[in-house]
Amino acid sequence: PAGGGKPCLQQSLECVVECMKDRILAKERDFVGVLLFGTEQCKVPNDHQGFPHISLLQDLEEPSATSMRKISLVVSQLAAQAQAQGNPGASNATEFGSIATSPAFDLANVLWVASMLFGGANVKNTRRRLYLLTNDDNPCSANPATRPRALTRSRDLQDANVWVEPFFFAPAPPKGFDLSPTSFWRELVGEVRQNYTPARKTPGG
């Protein structure tokens, strides 16, 4: 949890539901997808192999009451898990398993699967945005060899005109969140935005 509050994943999914509501009320036809990383279970488009600890919660589609109910159910499950922490008999009810106890993941794979989602979406000439919500300021620290791979994938996103926007959950003091000029996120976002060219907005994007 960020600062002792709700778990970061729970907060993230609550934001997703609110964004969906806003788009429905505004009669916008944006497509929204939700991809989780660091999960115990694996679920990626077309059942591709080789992407452990990544789980697709929702494919790219227009927001609907059904999709909001599905995500809201996961939010409720996460809230119940948070209340049951420390109880050995508490079950893990989510379809993707636990986040906190899963092994380290490869962020390059996350970006790769995101590229697959954009590539498989049945929309053209749309603005493509990837919002990354995380509380990890250096997701490649466990294996430094994954950092250059992630940067390579970020350039692939740049070539596909995907705008990457990270949102950070800062830890409770006295811990800090490294966003210095040489930090991972500064380098990755800089790679993507260097030659970014937005696509023209059309209905359905």
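An account of the accompanying structure is given in this report. Everything quoted here is computed from the prediction, not taken from an experiment.

### Thoughts on the nonpolar core
And step 1. Counting residues in hydrophobic clusters, the biggest one holds 28 residues, and the most contacted among them are Leu107, Leu130 and Leu188.
And step 2. If one sorts the elements of this core by residue count, helix α3 (residues 107-120) sits on top with eight residues.
And step 3. In contact with Leu107, not counting residues within four places along its chain, are Pro139, Ala150, Phe184, Trp185 and Leu188.
And step 4. Membership of the second largest hydrophobic core comes to 14 residues, among which are Leu57, Met68, Leu78 and Phe96.

### Section: the side chain of Arg23
And step 1. Tracing the backbone shows Arg23 in helix α1 (residues 8-25).
And step 2. Residue Arg23 is classed as buried on the basis of its relative accessible area, which comes to 19%.
And step 3. Beyond its immediate stretch of four places on either side in the chain, Arg23 contacts Glu28, Asp30, Val32 and Pro63.

### Details of the pattern of salt bridges
And step 1. This structure, assessed with the given rule, holds eight salt bridges.
And step 2. Between Lys6 and Glu14 there is a salt bridge, with the nearest N and O atoms lying 3.2 Å from each other.
And step 3. Among the residues examined, Lys6 registers a relative accessible area of 41% and is labelled partly exposed.
And step 4. In this structure, Asp106 and Arg149 form a salt bridge, with 2.8 Å as the shortest nitrogen-oxygen distance.

Rules and cut-offs
- Numbers given for residues are sequential positions, taken from 1 along each chain in its written order.
- Residues qualify for local features only when their pLDDT is at least 70, as the model is predicted, and side-chain atom pairs are given and counted only at 80 or more; totals for whole chains, interfaces and linings, by contrast, use all residues.
- Heavy atoms from the whole structure form the basis of all side-chain values; hydrogens and water molecules are not counted.
- Residues enter a nonpolar core if they are buried and are Ala, Val, Leu, Ile, Met, Phe, Trp, Tyr or Cys, with the set joined through side-chain atoms within 4.5 Å.
- Exposure categories follow from relative accessible area, calculated using a 1.4 Å probe and restricted to protein chains: below 20% of the type maximum is buried, above 50% is exposed, and the middle band is partly exposed.
- Per the convention used, a helix needs a DSSP run of H or I reaching at least four residues, while a strand needs a run of E reaching at least two, with both numbered from the N terminus.
- In this description, contact between two residues means that some pair of their heavy atoms is separated by no more than 4.5 Å.
- Take a side-chain nitrogen of Lys or Arg and a carboxyl oxygen of Asp or Glu: if they are within 4 Å of each other, that pair is a salt bridge.

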